[in-house]
Amino acid sequence: MIPLPAPKPEVLAAREQIVAALRALVPGDGVISEALRLKPYETDGLSAYRQPPMAVVLPNTTEQVAAVLKYCNEKGVRVVPRGAGTSLSGGALPLADAVVMGLMRMNRIKEVDYENRLAVVEAGVTNLGITKHVEADGFFYAPDPSSQLACMIGGNVMMNSGGAHCLKYGVTANNLLGLTFVTIEGEIVQIGGRHLDATGYDWLGLITGSEGQLGVVTEVTVRILRGPEGARAMLAAFDSIEVAGQAVDAIIGSGIIPVALEFMDRPCIHACEAFAHAGYPLDAEAMLIIEVEGNVEEQDRLLGWIKEICNRFNPISLKVAETAEESLAIWKGRKGAFGAVGRISPDYLCMDGTIPTGELPFVLKRIGEMSQSYGLQVANVFHAGDGNLHPLIMFDANNEASFHAAENFGADILKLCVEVGGCLTGEHGVGIEKRDLMTVQFTPPELDQMRDLKAAFDPQWLLNPAKVFPLEGNAAFDIQPVNQAA
Amino acid sequence: MNCSTIIPKTEAAVASTVQSASSLGISLAIEGNGSKRGLLRPMRAGRTISLRGLSGITLYHPTELIISAQAGTPLPEIEAALAEHGQHLIAEPPALTAMFGAERPATIGGIVATNLSGPRRIAWGAMRDHVMGIRAVNGKGEVFRSGGRVLKNVTGLDLCKLLTGSHGTLGIITEVTLKVLPAPQATGTVSIRVASLEQGVAALSAGLGSPFSVTGAALIPEDGGGIAHLRIEDFEQSVAYRCGKLREALARFGEATVQADSAALWQGIREATTLGATAEEAIWRLSVQPSAAPAVVAALRAAGGSKFLLDWGGGLIWVAAVASAEAHAAVVAAALAAQGSYTLFRAPEDLRASVPVMPDEPRALTAIARRVKAVMDPCGLLNPGRMRAGQ
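Rules of the game
- Residues numbered from 1 in each chain as written.
- Chains lettered and ligands numbered in written order.
- Predicted model: local features only at pLDDT ≥ 70, side-chain atom pairs only at ≥ 80, totals over all residues.
- Heavy atoms only, no water.
- Pairing = 2+ DSSP bridges.
- Helix = DSSP H or I, 4+ residues; strand = E, 2+ residues; numbered from the N terminus.
- Domains from an automatic or database assignment.
- Contact = heavy atoms within 4.5 Å.
- Buried area = accessible area lost by both parts, 1.4 Å probe.
- Salt bridge = Lys/Arg side-chain N within 4 Å of Asp/Glu carboxyl O.
- Polar contact = N/O pair within 3.5 Å; in protein donor to acceptor, adjacent residues only side chain to side chain.
- Phe/Tyr/Trp six-rings, centres within 6.5 Å; stacked < 30°, edge-to-face > 60°.
- Buried < 20%, exposed > 50% of the residue type's maximum accessible area, 1.4 Å probe, protein only.
- Core = buried A, V, L, I, M, F, W, Y, C linked by side-chain atoms within 4.5 Å.
- Axes fitted to C-alpha atoms, helices over the stretch in contact; angles between N-to-C directions.
- Arc of directions from axis to C-beta.
- Parallel < 35°, antiparallel > 145°, perpendicular 65-115°, else oblique.
- Nonpolar A, V, L, I, M, F, W, Y, C, P; charged D, E, K, R; others polar.
- Disulfide = S-S within 2.5 Å.
- 1 Å grid on protein atoms, 1.4 Å probe; cavity = no way out; pocket = protein on both sides within 12 Å on 5 of 7 lines; lining within 4 Å.
- Points joined across faces, edges and corners; volume = space filled by probe spheres on them.

Student: Is there a simple way to explain the pairing of strand 4 (residues 57-61) of chain B in this structure?
Tutor: Note on strand geometry: in a regular strand, side chains alternate between the two faces of the sheet. Residues and elements named next belong to chain B. Relative to strand 5 (residues 66-70), strand 4 runs antiparallel, the two sharing four bridges. Bridging across to strand 5, Y60 finds its partner in I67. Adjacent in sequence and paired antiparallel, strand 4 and strand 5 are bridged by four residues, among which L65 carries a positive phi angle near 60°.

Okay, structure coming up:
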């Protein structure tokens, strides 16, 4: 297990006073301190790790957030910000002496401005909530992580969330204009605004994806885009991973920019088909879902070209959706991939490395070999256009050895990603899960420089501490003996 | 000006140059080919370090949509290499060699350090959105990397974005890795003569709010009104179809013409030569929300008249006017009244030295900026005072 810092005894001893002070700052029912009601906050989307916090505070306003942070900074209390708690990397895992700051009550859409193509929303608005609010007018918010029904925009900003349509529309960082940002000192700062590319240092870019290390975001000004006239998907199945990879290269090389280009391997196809009955070819080793946009004639033309390209690689099957409904059916299996794997195996770890797409056949072959040697099944689904892999490692949480093997297997995959020129995480974040692997990707001076930048915002290391940066060599922490996080 | 220029040939030599500058307490002005030396505040640095000795494309995988190049690689060299494979730089960065009267081409390091983006920014993102990886030397002379050579990466703090647009004040960029995309097969431009700037910006907003993927939206003011230009880039049949649809959708703004051959038009907008600034005039670049643009232009006209060029749907305003403190004050007031930001882009040295060339930051950010600068460049050696006093 990954070690956590030892709780500060003086903070634990002052629990009653701290809770009372928080109640004064956030009146009403905004503070939770009873053990039973803290339970739901003990974990997030990485449920293998659990640790109840000291207290939970649920502010309603930016001013309350500022007041709580100012108080915690003065008293040396650690703060773990939380949106919907859907992080797959343990980004919202509490610490025993920390206050979890949940932003879900700040869920107002404050403004939509079609002329300037932006929306101002509070941090607790869900990702899909933004799109739902503007879709009747033909607009949408582009990043679409799989958890978009539940995950909140504040968390999306903190993790720089991606989704299946990044190849064309980019990730969270590419779709923001401004933030209301609260420092650990309790200062409320406007970052960016309603215009593009503010002058000065790119604080918007640095804060996005900073995993709660630098401050708390309470309000976000997002770009909203007008949707295309339509979109349609096709699927192409091949008898080898290598050939499917070549087809991906050929599509990208042809000058077409598909709006989505998803890749599934055999175990994943089987799991999804059993779950969604989407008509996926069960004899295939690899399958692509390719989506294009435009009006019907444009879709036909692009899908026709892609079909021609795929035909050069002897596909086992090609299926072009004729209608929007058929498109949805093709996507249904992919969108349900995580749930589908969950039916085969109650527990799985979802990995998130990125690789140069040319390395795909080699990496999938190596993952297959590792699967054999660890004795654990793995299903691969990934965003082929951008090389972001999501191997799902299946294990049994009731068997400690199985969990440890899964963790080691995952770490080996991520090391392999770095080895071939990729990175540890494409969109889920480092969190607690990949913290101690950071030394694989970065040198000690590189890590020190990032730690120093964190400290430039948060000198006492109170904001989401123990995540992202390895504890070793960090004077801000006493390291607690292993296994306390379990 | 600086007395001597150091031209290291390797990243290690850049690092050792900074180390010795650091031990001697000598500050460094950082440039590629020096094409944007006249940008922002003038510096008094002990030495100039030029990255032009670090030149060349180090990795290009067209099917992975990734290119890496050393910082001193000339922009035209990169554009030519991409064109050979039918690809392009997504943000369409301007070189601005004409604006600054530069003799040598802009380098990719300089483009990234200044975060310059052209017309396509409105649709496809800024330069900063496509910097996937960076190598740099900090003010202590340490080499560091951020990002990598893949398209999706959230591992650690995003120093690619922190360095992009930091004008060399936080680190000396030695190599960049950029996302690239297929260049369009065809381009079409829908142009509409509008009776007022309000009408013009409304037409651009309507185009950008249409489902036809407008990738350029500029407004060239003329007496009383102007001409709105909307660009579509895609496969040939799509361009023809969407230009037609766009023309219909914008009919309420006026009679539209469609032109296929519009490369020169967009090149002029990209490089801001369309602004028509004389060599003596100062140039400002403002970023505001598009709907605020007509009021900004009106305010500046009332303050004495200037030349204007609007891009990014109206959100980017280029202004040319007499190079005076009064003209600058008018620009500052108009930008801030619109809650936007401004950059004094080109002006004689004495004006750039005597006025803020970009807005101040809120107090809390100023304090953070000072601490960030202290982490990256503790002795304040890199491009001292380039952006603001002490930054």
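What follows picks up the thread again.
Student: I keep staring at the domain arrangement of chain A and nothing clicks. Help me out?
Tutor: Interfaces are often sized by the accessible area lost when the parts come together. Residue and element names in this part refer to chain A. If you check the domain split of chain A, you get domain 1 (1-227 + 442-486), domain 2 (231-337) and domain 3 (345-427). In this assembly, seven residues from domain 1 lie in contact with 10 residues from domain 2. Between domain 1 and domain 2 the total buried area reaches about 690 Å² when both faces are included, carbon and sulfur atoms providing 53% of it. Contact with domain 2 buries area across many residues of domain 1, yet A164, H165 and L167 alone supply 62% of it, more than any other trio. Remark: the boundary between domain 1 and domain 2 carries one salt bridge. The salt bridge partner of E293 is K168, with a shortest N-O separation of 2.8 Å. At the junction of domain 1 with domain 2, the criterion picks out three residue pairs in polar contact (both at pLDDT 80 or more).

Student: I tried to follow the packing of aromatic side chains on my own but got confused; where do I start?
Tutor: The geometry of two aromatic rings is summed up by the distance between their centres and the angle between their planes. All names here are of chain A. On inspection of all chains with the given rule, the structure shows 14 aromatic pairs over all chains. Aromatic pair Y114 and F139: ring centres 4.9 Å apart, planes at 40°, arrangement tilted. Residue Y114 is found in the loop between strand 5 (109-113) and strand 6 (118-122), and its partner F139 is found in strand 7 (residues 139-140); the two are separated by 25 residues along the sequence. Exposure remark for F139: the relative accessible area of 7% places this residue in the buried category. Ring centres 5.9 Å apart and planes at 80° place the aromatic pair W461 and F469 in the edge-to-face group.

Student: Is there a simple way to think about the nonpolar core in this case?
Tutor: In a soluble, globular protein the nonpolar side chains are often hidden away together inside. Grouped together as the largest cluster of nonpolar side chains are 225 residues, with contacts concentrated most on W203 of chain A together with I108, I317 and V372 of chain B. At 10 residues, helix 15 (residues 400-419) of chain A tops the list of elements feeding residues into this core. Leaving out residues up to four positions away in the same chain, I108 of chain B has contacts with A69, Q70, A71, T73, L75, I78, L89, M127, V176 and L178 of chain B. Formed by 29 residues, the second largest nonpolar core is a distinct cluster that contains L22, V26, C72 and V99 of chain A.

Student: Even after reading the chapter, I still don't get the sheet that holds strand 13 (residues 260-265) of chain A, so can you show me in this structure?
Tutor: Remark on secondary structure: sheet strands pair via backbone hydrogen bonds, oriented parallel or antiparallel. All names here are of chain A. If you trace the seven strands from one edge of the open sheet to the other, you get 15-12-14-13-17-18-16, paired in antiparallel fashion. Looking at strand neighbours, the two that pair on one side only are strand 15 (317-320) and strand 16 (347-350), the edges of this open sheet. In this sheet, adjacent strand axes meet at a mean angle of 15° when their direction is disregarded. The pairing of strand 17 (residues 378-383) with strand 18 (residues 388-395) spans six bridges and is classified as antiparallel. What sits directly across from F382, in strand 18, is L389. Relative to the sheet, helix 9 (residues 241-253) contacts strand 12 (231-238), strand 13 and strand 14 (286-293), its axis offset from that of strand 14 by approximately 20°.

Student: Help me out: how do you make sense of the sheet that holds strand 2 (residues 28-31) of chain B in this one?
Tutor: Residues and elements named next belong to chain B. In spatial order, the strands read 1-3-2; together these three strands make up an open sheet with parallel pairing. Each of the sheet's edge strands pairs with one partner strand only, and the pair in question is strand 1 (5-6) and strand 2. Note: strand 1 against strand 3 (residues 47-50), two bridges, orientation parallel. Looking at the pairing, T5 lines up with T48 of strand 3.

Student: So what exactly am I meant to see when it comes to helix 2 (residues 75-84) of chain B here?
Tutor: One full turn of an α-helix is made of 3.6 residues, so residues set three or four places apart face in the same direction. Residue and element names in this part refer to chain B. The set of residues buried in helix 2 consists of L75, I78, A81 and L82. Projected down its long axis, helix 2 carries its buried residues within an arc of 130°, all on one side. Along helix 2, exposed side chains directed more than 90 degrees from the buried face belong to A83 and E84. Buried residues along helix 2 sit in contact with strand 4, strand 5, strand 6 (87-89), helix 4 (108-114) and strand 9 (172-182). Positive backbone phi, approximately 65°, marks G86, located one or two places after helix 2.

Student: How do you make sense of the side chain of R121 of chain B when you look at a structure like this?
Tutor: By the secondary structure assignment, R121 of chain B is in helix 5 (residues 121-124). What R121 of chain B contacts, discounting residues up to four positions off in sequence, is L196, D197 and R223 of chain A together with A91, A126, D129 and W312 of chain B.

Student: So what exactly am I meant to see when it comes to the packing of helix 10 (residues 266-276) of chain A against helix 13 (residues 337-344) of chain A here?
Tutor: When two helices pack together, their arrangement is given by the angle between their axes and by how far apart the axes lie. All names here are of chain A. Interhelical geometry of helix 10 versus helix 13 gives an angle of 90° and a closest axis separation of 8 Å. Put simply, helix 10 runs roughly perpendicular to helix 13. Across the interface between the two elements, C268, A271, C272, A274 and F275 from helix 10 touch A337, A340, V341, R343 and I344 from helix 13. Here the contact of helix 10 with helix 13 is built from residues that sort into nine nonpolar, no polar and one charged.

Student: Just to check I follow, could you spell out the state of the cysteines for this structure?
Tutor: Cysteine pairs can be covalently joined through their sulfur atoms, and such a bond is termed a disulfide. Inspection of every chain in the model, using the stated rule, returns zero disulfides over all chains. Cysteine C268 of chain A shares no disulfide, and the gap to the nearest cysteine sulfur, in C272 of chain A, comes to 4.1 Å.

Student: In this structure, what is going on with empty space enclosed by the protein? I would like to understand it.
Tutor: It is the rolling of a water-molecule-sized probe over the atoms that shows where space remains empty. A full pass over the atoms with the stated rule returns three cavities of 30 Å³ or more. Roughly 110 Å³ of volume is contained in the largest cavity. N116, R117 and L196 of chain A together with I122 and P290 of chain B are the residues nearest the centre of the largest cavity, which is lined by 14 residues in total. Here the lining of the largest cavity is built from residues that sort into six nonpolar, five polar and three charged.

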